[in-house]
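Chain by chain, the residues:
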There are 2 protein chains.
Amino acid sequence: MRTDVNIQSKYYSFNVSDREKGVYVMINCNEFNAKTKVLLIDDNYEHLMGIKELISLENDIDVVAAATNANIALNLIKKYQPEIVITDMNMPEKDGLTAIQEIKKVNTDIKIIALTAYDDSDLIFRAMKLGAKSYILKTMASSQLIRAIHEVVQGKIYLPQGLVTGFFEYFQQSFKESTKVDIPSYLDELTYREEEVLDMLTQGHNYKDVANLLYISETTVKTHVNNIFQKLQVNDRTQAVLYALNHGFVSKRKQKSLVS
Amino acid sequence: MRTDVNIQSKYYSFNVSDREKGVYVMINCNEFNAKTKVLLIDDNYEHLMGIKELISLENDIDVVAAATNANIALNLIKKYQPEIVITDMNMPEKDGLTAIQEIKKVNTDIKIIALTAYDDSDLIFRAMKLGAKSYILKTMASSQLIRAIHEVVQGKIYLPQGLVTGFFEYFQQSFKESTKVDIPSYLDELTYREEEVLDMLTQGHNYKDVANLLYISETTVKTHVNNIFQKLQVNDRTQAVLYALNHGFVSKRKQKSLVS
DNA sequence: AGAAATATCAACCCTAAGATTTAGATATTT
DNA sequence: AAATATCTAAATCTTAGGGTTGATATTTCT
């Protein structure tokens, strides 16, 4: 069994002066085999080569291309159709999050594994939100990255145990704000009919439309709307609609199969 | 080392006829020790006792109370202040999700571990969303539940590897709809000034307000607004605001530290 | 039975909002 | 130098939106 080394271990640092300056592109044309095709992105040349060496030790993985720049990588992805893209998140030109989005745009099926040097729960949360299949820290043992690749190839999503808590704290926090609808809302002072009218307003209907849709006269609509204004303490249609949206308004007609 | 048995193993089934019918409440008054205080909720009496026996084998865990009904449990929670509540999700009277919400309302600090018989990604997603610290299947090895308790006590969040993929697929799916803002939005046809005006409208300001806030005349505001209507293909202020909100409008002034 | 809340509508008024046209001042691009 | 885009603004016009009062019918609560 191979030694389990640190992903960004100095062992993998190369002689920088040997390579040409500027954007680096590496291509491995070994396209016709059953190996898992992987493409790497990392603005740091040493890390890029380190990861490449690391992964290449595996028999079933083939690094078909690598780039120090996400824009270059996008073209390579179109050309080489890798199954997996491993991308650094902290990059100067195009950051990892936008890279993920644009890779997804090229081909939804490409599985993305995100890599960073340090544990940033916010970044992890956002990367996973955008559809990353795994998130690994460079400080983790190399076996983690290999495992991530293997799990992801099988269609699974892999988040190391050490990152789970951070992710979920962020995840749950992001819902806590929207859940605290306990702030006194004037919305429940509205009658059923008023809610129906407000619902129509949030659809962008004008008074004539609402009157026709509810089979009542326009003046009645105005009466309801005025009552709504009073209860919500607003001055016009737009403010009423904004109030409704900001206070999680859901018309009673639509309150079905919704727990939260 | 103890044998690792299935959580809902028949080994733990008791003689049902022995117990009184109806709601079951069990209390262990061993309050003054350093053990982790756990409260159990499960509408199935056999499961409840099984889990209790299972957990009681651990030296550092103390089941202070148990109930076959979430409502009863809520009162017991107030009385015994457990650090951890382990609750079944599929219960007739009060389902697990609302139970979680109400427990949180009693005391935000109580750590909740959710339990179900089968793997329902939707349910897992919603439970975690509501702040559960762990989610375990009854079909899993008992060591999983013990591990969950230990991790959770330490302030961590624990989701077994086998449930991670299901959770994330649901998680990512729930964002896919809101992320596909790639549907051609007319919003980027707006000029900077028009965006500023639209931004004011989404704050609920009327024309006079906008004029004052931007130090321009009201007629100029009207000109801008009319141009906005043309570009967004809407008829009035409310529709424009709704369009902006539904298409993820963020005024360029505010586009900082936000990738989404 | 009487009170209170709800839903309906009319008639009135008034102004903010929306439509249209024209035009001057800058700035950028070709 | 000419064309284009943007921001500004005035003049004019029309209507939808918003405020008020008062009235009738229905339901619900007490």
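Residues numbered from 1 in each chain as written. Chains lettered and ligands numbered in written order. Predicted model: local features only at pLDDT ≥ 70, side-chain atom pairs only at ≥ 80, totals over all residues. Heavy atoms only, no water.

Chemist: Residue-level account of the protein's contact with DNA strand D, with values.
Modeler: Around DNA strand D, the surrounding shell holds 17 residues, and the nearest of these are Tyr207(A), Lys222(A), Asn226(A), Thr191(B) and Arg193(B). Put simply, 69% of the atoms of DNA strand D that lie within 4 Å of the protein are in sugar or phosphate. Here a phosphate oxygen of DNA strand D sits 2.9 Å away from a polar atom, N or O, in the main chain of Arg237(A). Between a phosphate oxygen of DNA strand D and a side-chain N or O atom of Thr191(B), the distance comes to 2.4 Å. Elements supplying a minimum of two residues to the surface near DNA strand D: helix H9 (218-232) of chain A together with helix H7 (192-201) and helix H9 (218-232) of chain B. Among the elements that line the surface near DNA strand D, the one with the most residues is H9(B), at 4 residues. Within the surface near DNA strand D, the residues separate by chemical class into 4 nonpolar, 9 polar and 4 charged. (Near = heavy atom within 4 Å. Polar contact = N/O pair within 3.5 Å; in protein donor to acceptor, adjacent residues only side chain to side chain. Helix = DSSP H or I, 4+ residues; strand = E, 2+ residues; numbered from the N terminus. Nonpolar A, V, L, I, M, F, W, Y, C, P; charged D, E, K, R; others polar.)

Chemist: I'd like a description of the confidence of the model for chain A, backed by residues and values.
Modeler: All names here are of chain A. Within chain A, residue pLDDT values average 83, and 80% of them lie at 70 or more. Per-element confidence in chain A ranges from a low mean pLDDT of 52 for strand E1 (residues 25-27) to a high of 97 for strand E6 (residues 134-137). Predicted confidence for residues 10-22 stays below pLDDT 50, and this span has 14 contacts to residues more than four positions away or in other chains. Ignoring residues within four places in sequence, the model shows residues 252-260, a span with pLDDT below 50, making 13 contacts including any to other chains. (pLDDT = per-residue confidence, 0-100. Contact = heavy atoms within 4.5 Å.)

Chemist: Now, about the protein's contact with DNA strand C: what can you tell me, with residues and values included?
Modeler: Surrounding DNA strand C, one finds 17 residues, the nearest of these being Thr191(A), Arg193(A), Ser217(A), Tyr207(B) and Asn226(B). Considering DNA strand C, the proportion of its atoms within 4 Å of the protein that are sugar or phosphate atoms stands at 70%. At 3.1 Å from a phosphate oxygen of DNA strand C is found a side-chain nitrogen or oxygen belonging to Thr220(A). Interatomic distance of 3.1 Å between a side-chain N/O atom of Lys222(B) and a base oxygen of DNA strand C.

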